[in-house]
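Reading the structure
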Amino acid sequence: MEAALEASGLLGLWLRPDGGFDAGEHDAFAVAALARPAPGYSLAHVLLTEADSPVPADAVLGGIAFAPTAIGVDHPAVIGADGTWRLGPAAGRWVKPEPAYIGATARERARRRRVAELDDRLGELAGRIAECDHLLAVVDADRDTLAAELRRRPDRRPYAESVQALDDAERKVALLEDRLRAYEERLHEREQDVARSLRRLTELADRHALPAAPSALDNLEQALRTAETTGAVWHDRRADARAAAEHARLAAETAAQYERLALDAVERAERAASAAVVLAERLAAIEGTAGAEQHEVLAMLQESQAAYQDCRRAIKQINDGLARLNARLGRLRGELSTAEDRHAEAAQARDGASDRFRRLASGHLPADAGVTLEPTSEAGPVLEAATVVAERLGAVPHEGKQVREAEARLRDAVHRAREALGGRAELELTPDDDVQVLTATVNGVRAGAAALGRVLHQERDARRRDITEAERDLFDRTLAGDTRRHLADRIRQATALVEAMNQRLERVRTASKVAVRLVWQVDPTQSPGTRAARDLLLRDPAGLSEADKEALYVFFRDRVEEARADDSSASWEDQLMKVLDYTAWHRFVVKLDRGDGQGWQDLTRKLHGALSGGEKAIALHLPLFAAVAAHYLTDPGCPRFILLDEVFVGGWTGRTAARCSTCW
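Residues numbered from 1 in each chain as written. Predicted model: local features only at pLDDT ≥ 70, side-chain atom pairs only at ≥ 80, totals over all residues. Heavy atoms only, no water.

Looking only at helices and strands, the chain has 18 helices and 10 strands in total. Here the chain, with 664 residues, has 22% of them falling under the buried criterion. When contacts within the chain are restricted to residue pairs at least 6 apart in sequence, long-range pairs at least 24 apart make up 53% of them. When the accessible surface of the chain is split by element, carbon and sulfur atoms take 57% of a total near 46200 Å². (Helix = DSSP H or I, 4+ residues; strand = E, 2+ residues; numbered from the N terminus. Buried < 20%, exposed > 50% of the residue type's maximum accessible area, 1.4 Å probe, protein only. Contact = heavy atoms within 4.5 Å. Areas by Shrake-Rupley, 256 points an atom, 1.4 Å probe, with all protein chains shown as cover.)

Okay, the side chain of Ser 42 next. Looking at the element boundaries, Ser 42 is found in the loop between α1 (2-8) and α2 (43-46). The contacts of Ser 42, once residues within four sequence positions are left out, are Leu 61, Gly 62, Ile 64, Ala 65 and Phe 66.

All right, on to the sheet that holds strand β2 (residues 77-80) then. With mixed pairing, 4 strands are arranged side by side in an open sheet as β1-β2-β3-β4. Of all strands in the sheet, those bounded by a partner on one side alone are β1 (65-67) and β4 (90-93). Here the average twist between neighbouring strands, direction ignored, is 15 degrees. Bridge count for β2 against strand β3 (residues 84-87) is 3 bridges, and the pairing is antiparallel. Paired with Ile 79 across the strands is Trp 85, a residue of β3. (Pairing = 2+ DSSP bridges. Axes fitted to C-alpha atoms, helices over the stretch in contact; angles between N-to-C directions.)

Bringing the sheet that holds strand β10 (residues 601-602) into the picture now. Spatial ordering of the open sheet is given by β8-β9-β10, a layout of 3 strands whose pairing is antiparallel. Single-partner strands in this sheet number two, and they are β8 (515-522) and β10. Relative to β10, strand β9 (residues 586-593) is paired through 2 bridges, and the arrangement is antiparallel. Paired with Leu 592 across the strands is Gln 601, a residue of β10. Sheet contacts for helix α17 (residues 613-634): β8 and β9; angle to β8, the most-contacted strand, approximately 60 degrees.

The next point concerns the nonpolar core. As a rule of thumb, nonpolar side chains are buried together in soluble globular proteins. By size, the foremost hydrophobic cluster in this structure holds 18 residues, and its most contacted members are Met 501, Leu 592, Leu 603 and Leu 622. If you list the elements that add at least two residues to this core, you get α12 (482-506), β8 and α17. Element by element, the count of residues in this core is highest for α17, at 6 residues. Counting residues in hydrophobic clusters, the runner-up holds 17 residues, among them Ile 491, Trp 520, Leu 544 and Val 579. (Core = buried A, V, L, I, M, F, W, Y, C linked by side-chain atoms within 4.5 Å.)

This part is about the packing of aromatic side chains. For any pair of aromatic rings, the description consists of the separation of the ring centres together with the inter-plane angle of the planes. Under the criterion given, the structure shown has 1 aromatic pair. Considering the side-chain rings of Trp 520 and Phe 588, the 6.4 Å spacing of their centres and the 40 degrees angle between planes classify their relative orientation as tilted. Placement of the pair is Trp 520 in strand β8 and Phe 588 in strand β9, with a sequence separation of 68 residues. For Phe 588, a relative accessible area of 47% puts it in the partly exposed group. (Phe/Tyr/Trp six-rings, centres within 6.5 Å; stacked < 30°, edge-to-face > 60°.)

According to the stated counting rule, one finds 16 salt bridges in the structure shown. Among the salt bridges present, the one from Glu 2 reaches Lys 96, with a minimum N-O distance of 2.8 Å. Taken together, the residues span a long stretch of sequence, with Glu 2 in helix α1 and Lys 96 in the loop between β4 and α4 (104-152) at a distance of 94 residues. Residues Arg 111 and Glu 108 are paired through a salt bridge, measuring 2.3 Å at the closest nitrogen-oxygen approach. Note that Arg 111 and Glu 108 are positioned in helix α4 at a spacing of 3 residues, about one turn of the helix. Classification of Arg 111 by relative accessible area gives partly exposed; the value is 45%. Taking the relative accessible area as the measure of exposure, Glu 108 reaches 27% and is therefore partly exposed. By sharing partners, the salt bridges in this structure join Glu 2, Glu 6 and Lys 96 into a single network. (Salt bridge = Lys/Arg side-chain N within 4 Å of Asp/Glu carboxyl O.)

Structure (structure tokens):
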């Protein structure tokens, strides 16, 4: 009967003195008013209530039918003597070896059995307490022995200094390795840039049917320079040839004139010879008849003849000098014509260069180059302005190859600037002969790079001034609000979690006296103000001074700027999560104690390589097990799954594995 009552749930019903039930309680009650008298026997015939009971149990018991079996009895609540029961549409059967609730004897027997069980449990606990007291005594003795040994140990200051120096050196080596990796990454990026540049160079060379090798390009450039020099020399020699042709023409005309003069002179000489023959005959006739006076006249004639010959020689010399002068005059006329042509070409080139310089100088190029000019229309000031520009920009590389490289860099910079500015400004590269002019259109106004920079800086400064006060107010609310408390709580929870890990690690030391611990510290590669900012976050915001708040403001402001610079395309939410990611400020350091008196050491690559196979496995896996156990404590309801198929390698024995898995 007790088994049937317990199985049907009637044994655990509450009976209130008023026979009703409490609607505010989440429990089961027996309501006397709802009980219908049972036909025939009921529980009231076989169960007696205790004397002085304040509840109307007979009314409830009278509403529950009792029969040898509950099968076939027409009543809502039936209890059978064979353990069967029916309660509305539910029915069942259960049996018990002996009663435990109905009857004082049954309750006393159950109480004594429970007391015996508790006595056994207390005896077991007393034995364990005695064992613990013994272990505590052993630990106290070991502690006294350890204290005595610690008092007898030598001074460890030199060793600590050496260890500190070693740690500093290893830390410096780690920093240098990080820097080396950064340089290697930069080298890889530069190599990729070189590969892309070579690919563009090859495409450009194929497009223009030119070689792509540097040596071939240098040879081609040298050949072009040689061709340019050869062309200039050919042009000069062509001018000399034209002057020589003009000189030859003048010389031919002069020679023709002298030839005509020579023919005339020959004719005159022949006539003079004929006249001389006639005169000689006449002279001979006269001399035959002449006297002393005639001889004097003859002497005078001879003197006149000598003077005549001298005059002939002087005339010939004068004519030769005149011919040379005419030839030189012709050559000078040719050179003068060539010089006039060159002068006209130079004047035309000068006028074109002056006009182009005035056009370029009147724009925004001087301001972009950082040069102040005031050109005028006269040639003199233009030359002076060009000289000033040449002096100020003389150190800028201006060879053809360097100019082409600069133009390529300018195109890349314009492409990146267009992506960064978006629709804020329109950038345009306009070719002007051999010059690329960068023009920016901002708010419908065309300006240069310098003016664009000034406009962008002014807008940036204006926006910064507009949001500085709002940022300050928001930052103050953040420092004293839920964000700071949440961040500080997370840091404290992480610190407590690491302490829980170390508490478990302190209880584990292998047979070779190897122990491991974790240190959660501020990453030394972070900025110097990270540690101070972390300490200030953990303090009460009401106790922060203005200097402390300013330090925190500068710290978070710098981190916001770093997040923006690292990934400007990320959303504000992603950047803010990156700024408040306190895990990025810290790093874990594994420390190892080998029990050889050297104390705790950082588990570096060198120290890990000096360990045995089992010690290596311990140094790597014990912190992981401690982390798992600590995380289990933070959430007691989480599933305790840990897979150990491939954990114990490299010298760990089954006994060590079983011991470590039992500890957790």
